[in-house]
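Overview (structure and organization)
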Amino acid sequence: MAYTKITASVVGKKYRSAIAAYRRQLPGGSLRLSFEQEADAYFRRCALGIWAAGGGELTDNHVDAYNAICSGANQPARVLYLELCAAVSTAPDFQLPGFFSQIQASDQGTGRDRVGPFCDLCQLTFLLFAAVYDQLNTAAADCARAYTDRLRQAAGQPPLSPRTPADDGAADRGSAAQNTADAARSGDAAETTQGETAEEPQPTLEELMAELDSLCGLEKVKKDVRSLVNLVKIRKLREEQELPVPAMSLHLVFMGNPGTGKTTVARLLAGIYRAIGVLPKGQLVEVDRSGLVAGYVGQTAIQTQKVIQSAMGGVLFIDEAYSLASQPGSNDFGQEAIDTILKAMEDHRKELVVIVAGYSNLMMKFIHSNPGLESRFNKYIYFDDYTGPELYEIFCSTCQKNGYQVEDALKERLPGFFQTLYDERDENFGNARDVRNLFETLVSIQSDRVAQLEQPTREDLMTITCADFDQAEQEEE
């Protein structure tokens, strides 16, 4: 079989699917949290090591594959070509992940085997990383196998197969590498992860609620969602016992400023509704006015109906929904979209949940402007602004997920900075969006600085300094 490289999109798809499949085997609590927080960073380090062993020219496919190593709700990497080359040149030797000992401890005395499937997960990902070269790379394939065997040795398992003697011909090594690439492409190795399928396994109710609880802040929101879930669960139990069930609407109004987690909570709620049997699919379709309203009569209803059909079986999330309300005397088609949505909500009560979101004062005016809206949306969830400490926590979490660290001097300054950001907030305050924007600015500034170094160390590549922060503040002024 002729060699064909694996594209970054395939790497990302197979990686996310395999991670999700393994994650479902882990118990909730600290083990799952450690895995979720550390897995992406660990596999990125392994990719660097495999590519360092492979040598040869790195390509844009390597960059895209590295950035595609992202799972769950984690932020994808944003490494550039020069950054990746520098990182590969200083790649560390293979090390066990920090959570590996936790996995081993969780197996002891339980009769469970979570270590073995983790070795299988690593085998798949290592093979994927070795196969992103434009041409067959035996050194990268050998490194992937060596990494797998070192992991299996630590787990007390036999190696994959006897090593090829050093004096064997290049043809034998090439054949082994070809088999490695073929296995990664065909998904043979994926089958050993006990769960890779064409579709990612759906998360359980417990997993979704744990993810909700792990969100920074939003305590009132979490309480409201838990109460809503309990209400729906009891309704279903009453239905099963043929007890009277009062009518209720599952449609919701999310009110709060931008960047307060409304879309994230809507996505979790869609999955929760699916997990408890309220919705058959549980997908989230996010849209705003531009995705619903067309420019001439009759077309808006058609465009809106297409969006509704894509959300059928799940949740339709309409951001800045108040923008659909027509101004008096205007020839606006927003009302046509509202009428179409209201009819779908009536006709598909068991197949569609609609969540409308936006600024608190504007959403109240929007709901009360139309009797149809007022009768169907009677549950409101308020999203408060993040406090200074919560903004700092979000920033630290973003750094950790993306493999960055803050020098000690800057750690002392940041809590005060975020408290001031909160205290002086105005109508343009973006909450978590402002934090993400700051992080991206700092990464860009840090990259420009590190690119000037002749041989940047791993520490250089990871550290954001006070000087980086000072420059970011100057650019903001």
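Below is a summary of the structure that appears in this document. What you see is a predicted model; the values in this text were computed from it and never measured. (Residues numbered from 1 in each chain as written. Predicted model: local features only at pLDDT ≥ 70, side-chain atom pairs only at ≥ 80, totals over all residues. Heavy atoms only, no water.)

**Details of the overall build of the protein chain**
- When helices and strands are tallied, the protein chain shows 21 helices and seven strands.
- Accessible surface, the protein chain: about 22,900 Å² in total, of which carbon and sulfur atoms supply 50%. (Helix = DSSP H or I, 4+ residues; strand = E, 2+ residues; numbered from the N terminus. Areas by Shrake-Rupley, 256 points an atom, 1.4 Å probe, with all protein chains shown as cover.)

**A word on helix H19 (residues 432-451)**
- Its 20 residues give H19 an end-to-end C-alpha distance of 28 Å, which sits within 8% of 28 Å, the value for a rise of 1.5 Å per residue.
- Among all positions of H19, only Ala432, Val435, Leu438, Phe439, Leu442, Val443, Ile445, Gln446, Ser447 and Val450 are buried.
- If you follow the buried residues of H19, they end up packed against helix H4 (81-89), helix H17 (388-401), helix H18 (408-423), helix H20 (458-462), strand S7 (463-464) and helix H21 (466-476). (Expected span 1.5 Å × (residues − 1). Buried < 20%, exposed > 50% of the residue type's maximum accessible area, 1.4 Å probe, protein only. Contact = heavy atoms within 4.5 Å.)

**Observations regarding the sheet that holds strand S5 (residues 380-383)**
- Spatially, the five strands line up as an open sheet ordered S2-S3-S4-S1-S5, and their pairing is parallel. Looking at which strands have only one partner, the edges of the open sheet turn out to be strand S2 (284-287) and S5. With strand direction ignored, the average angle separating the axes of adjacent strands in the sheet is 20°.
- Pairing geometry for strand S1 (residues 252-256) and S5, over four bridges, is parallel. Bridge pairing links Gly256 to Phe383 in S5. (Pairing = 2+ DSSP bridges. Axes fitted to C-alpha atoms, helices over the stretch in contact; angles between N-to-C directions.)

**Observations concerning the state of the cysteines**
- All chains considered together, the criterion is met by zero disulfides.
- Here Cys143 stays unpaired: no disulfide links it, and the sulfur of Cys46, its closest cysteine neighbor, is 8.8 Å away.
- Cys396 takes part in no disulfide bond, and the closest cysteine sulfur to it belongs to Cys399, at a distance of 6.5 Å.
- When its relative accessible area of 32% is taken as the criterion, Cys396 is described as partly exposed. (Disulfide = S-S within 2.5 Å.)

**Re the packing of helix H2 (residues 30-54) against helix H5 (residues 100-107)**
- Orientation of H2 relative to H5, taken along the N-to-C sense of each, is 150°, at an axis distance of 10 Å. Judged on the interaxial angle alone, H5 and H2 are roughly antiparallel. Viewed along their axes, H2 and H5 form a crossing whose handedness is left-handed. Of the residues in H5, those touching H2 at Ser30, Leu31 and Ser34 are Gln102, Ile103 and Ser106. (Parallel < 35°, antiparallel > 145°, perpendicular 65-115°, else oblique. Left-handed = near helix turned anticlockwise from the far one by under 90°.)

**Side note on the pattern of salt bridges**
- Within this structure, the stated rule accounts for 16 salt bridges.
- Here Lys220 and Asp224 are joined by a salt bridge, their closest N and O atoms 3.3 Å apart. Within this pair, Lys220 and its partner Asp224 are both found in helix H11 (residues 219-240), separated by four residues, close to a single helical turn.
- Look at Asp224 and you get partly exposed, because its relative accessible area is 24%.
- For Asp468, the salt bridge identified is with Arg449, shortest N-O distance 2.9 Å. Highlighted residues: Asp468 in helix H21 and Arg449 in helix H19, separated in sequence by 19 residues.
- Since its relative accessible area comes to 2%, Asp468 is described here as buried.
- With a relative accessible area of 30%, Arg449 lands in the partly exposed category.
- Look at the salt bridges and you will find they share partners, linking Arg23, Arg32, Glu36 and Glu207 into a network. (Salt bridge = Lys/Arg side-chain N within 4 Å of Asp/Glu carboxyl O.)

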